[in-house]
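# Architecture at a glance
Okay, here's what each chain looks like letter by letter:
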Amino acid sequence: MQTTYYCGTEDGTHFNEFSTQHLIFDALADYYDAINDGDDGYLEGIELGIYSIGDDGAYDDMETLEFHSFGKE
């Protein structure tokens, strides 16, 4: 079994994956870069997670590791 880390944006209606990495360090860099870029006026948050990949190459499981919420006031 393999793992792949992903980063994505959430706008309240859609989840858009913008990065997949094999190393957690690279995924964390993408995650924090996206947080520092800001919410672009419409994003609710940025998600960092992990995919488990089975021996057949298919994604078995998806789990959120971190979620940064852009609080709307």
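Above: the structure in question.
This text gives an overview of the structure that appears in the document.

## A short note on a negative patch on the surface
- On the surface, Asp55, Asp56, Asp60, Asp61 and Glu63 cluster together to form a negatively charged patch.
- Summarising the element assignment, Glu63 is placed in strand 4 (residues 59-69).

## Structural notes on the sheet that holds strand 4
- The strand order 2-1-3-4 describes an open sheet built from four strands, whose pairing is antiparallel. With one partner strand each, in any of the chains shown, strand 2 (15-21) and strand 4 form the two edges of the open sheet. Here the strands of the sheet are splayed against their neighbours by 25° on average, with no regard to which way each runs.
- With nine bridges joining them, strand 3 (residues 45-53) and strand 4 adopt antiparallel strand pairing. What sits directly across from Ile53, in strand 4, is Tyr59.
- Along the sheet, helix 1 (residues 24-37) contacts strand 1 (2-10), strand 2, strand 3 and strand 4; its crossing angle with strand 3, the most-contacted strand, is approximately 160°.

Each value, and the rule that gives it
Residues numbered from 1 in each chain as written. Predicted model: local features only at pLDDT ≥ 70, side-chain atom pairs only at ≥ 80, totals over all residues. Heavy atoms only, no water. Patch = residues over 30% accessible without salt bridge, like charges linked within 9 Å, V, L, I, M, F, W, Y side chains within 5 Å. Areas by Shrake-Rupley, 256 points an atom, 1.4 Å probe, with all protein chains shown as cover. Salt bridge = Lys/Arg side-chain N within 4 Å of Asp/Glu carboxyl O. Lys, Arg positive; Asp, Glu negative; His and termini not counted. Charge placed at Lys NZ, Arg CZ, Asp CG, Glu CD. Helix = DSSP H or I, 4+ residues; strand = E, 2+ residues; numbered from the N terminus. Pairing = 2+ DSSP bridges. Axes fitted to C-alpha atoms, helices over the stretch in contact; angles between N-to-C directions. Contact = heavy atoms within 4.5 Å.

No statement about biological role is implied by the geometric values presented.
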